[in-house]
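Chains, contacts and geometry: an overview
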Amino acid sequence: DREEPNYFGAGPALLPTSVLQQAAKDLINYDNIGIGAGEISHRSKAGTSIIDQTKNSIKELLNVPDTHEVFFLQGGGTTGFSSIVANLSAAYIKKHQKIGTPYYVIDGTWSKKSFEEAERLGFNPKVIVNSKEIDGKFGTIPSVDKWNIPKNLDDISFIYYCDNETVNGVEFREFPFDKFPNVEIVADMSSNFLSKPVDVSKYGLIFAGAQKNVGVSGVSIYIIKKSLLQQASADELKKLGQHVVPIAFDYPTVVNNNSAYNTIPTFTVHIVNLVLKNLIEKGGLKAQEAENIEKSNLLYSILDKYPTVFNMPVEKSARSRMNIVFTIKDGSLDNEFIKEAENAKLSGLKGHRSVGGMRASLYNAVTLKSTKLLCEFVEDFAKKHQ
Ligand code: PMP
């Protein structure tokens, strides 16, 4: 057992205590089978059932249409963005019989890293827009009229973007799908997965590492358009001088084996399963979104109330509901803020090492009560220093 934590870490992040209590029991004896969920074979009846239940909960929560499939891979967000490039390029080659170009929207640290990985792997990606070139920092989501849209959309193998930039605190409200008919859109939703309803039918692929909103680290989640599982074979790729996908990350192979081609971390998937059941019981994504809007509005409004104390680097229309990023204008107060917060049992508030300042992550499991305690603390601190 534990005292309810007020923890605002960016990931791995807080999970509901009731879920962890159930998980702790299931680690020892899952579903009364006499052994724990981490000890069963990923291909046993119980293991398959954990995978299926988790897939079905994702389908239920997001209304995943029949055109799309859900699967899991070992690993996290990086597994996602580095495995996507070769898979989707192979799908493009299969369909168009030529090599396409991946395009990246760079709106923060993680999409930048994803672009650099596509470059490193040799896929010659292009940047469709880089928000830092527009505002000098990653504090905005540039409107689509500022994007460098190529004339021939047919040459695009996919457009990649990060729906919520965890480090910079910017989040898309809606991707401009209507500007890209018939182009496959790929979204990294690692840090806002299942925080709001999403129209899955508009995406070629959505992926997320589990360890923010839906579980602990060790597994990543994919929702892919089934047509993207039709991919050029290893021989065809080699003939074109293209990379072959390593087998553990070959999406068609993984899907054909119900996410158990190799050993999936079954216990980790089970934790996701429990988190999702809890989310369904709480009223699903509409209810969760309403709560997330309420929590983030509360904190942003307190921070906005004291403009002489706090600096808000993100444009209002691009503010993340998950990662609230701010700096203290008098940087010499940073340590005091963190120390006093810890004394008030509020932890995990230090900003990412690359940007400094503060970051409060208000993921699904962070309660309204915790958020209000943080708001009170922030207001007291501001009054003392304004
Ligand atoms: N994408 C996003 C949006 C993230 O926030 C993170 C991790 N913070 C990653 C990708 C990388 O995830 P991982 O460390 O699990 O590889």
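Bear in mind the structure is a predicted one, so any value in this text is a computation, not a measurement. (Residues numbered from 1 in each chain as written. Predicted model: local features only at pLDDT ≥ 70, side-chain atom pairs only at ≥ 80, totals over all residues.)

A word on the overall build of the protein
Scanning the protein from N- to C-terminus turns up eleven helices and 14 strands. Principal-axis analysis of the C-alpha atoms gives the protein an extent of 65 × 60 × 30 Å. Looking at the 386 residues of the protein, the share that counts as buried comes to 46%. When contacts within the protein are restricted to residue pairs at least 6 apart in sequence, those whose partners lie at least 24 apart make up 70%. (Helix = DSSP H or I, 4+ residues; strand = E, 2+ residues; numbered from the N terminus. Buried ≥ 20, exposed ≤ 12 C-beta atoms within 10 Å, placed from the backbone. Contact = placed C-beta atoms within 7 Å.)

Here's the deal with the sheet that holds strand E14 (residues 358–361)
Across the sheet, three strands lie side by side as E11-E12-E14; this open sheet has antiparallel pairing. Two strands lie at the open edges of the sheet, namely strand E11 (310–311) and E14, each paired on one side alone. Direction of pairing for strand E12 (residues 323–328) relative to E14: antiparallel, over a ladder of four bridges. Of the residues in E14, the one forming a bridge with Ile 324 is Ala 360. Relative to E12, helix H9 (residues 284–305) is tilted by about 15°, and along the sheet it contacts E11, E12 and E14. (Pairing = 2+ DSSP bridges. Axes fitted to C-alpha atoms, helices over the stretch in contact; angles between N-to-C directions.)

Observations regarding the domain arrangement of the protein
Examined at the domain level, the protein breaks down into domain 1 (17–280) and domain 2 (284–385). Relative to domain 2, the C-alpha centre of domain 1 lies at a distance of 28 Å. Every contact between the two is made by 23 residues of domain 1 and, on the other side, 23 residues of domain 2. Of all the elements in the fold, those that place two or more residues in the side of domain 1 that touches domain 2 are strand E7 (170–171) and helix H8 (266–281). (Domains from an automatic or database assignment.)

Structural notes on the sheet that holds strand E4 (residues 126–130)
Pairing in this open sheet of seven strands is mixed, and the strands run E2-E10-E9-E8-E5-E3-E4 from one edge to the other. The open sheet has two edge strands, strand E2 (68–74) and E4, and neither has a second partner. The sheet shows a mean angle of 20° between the axes of neighbouring strands, direction not considered.

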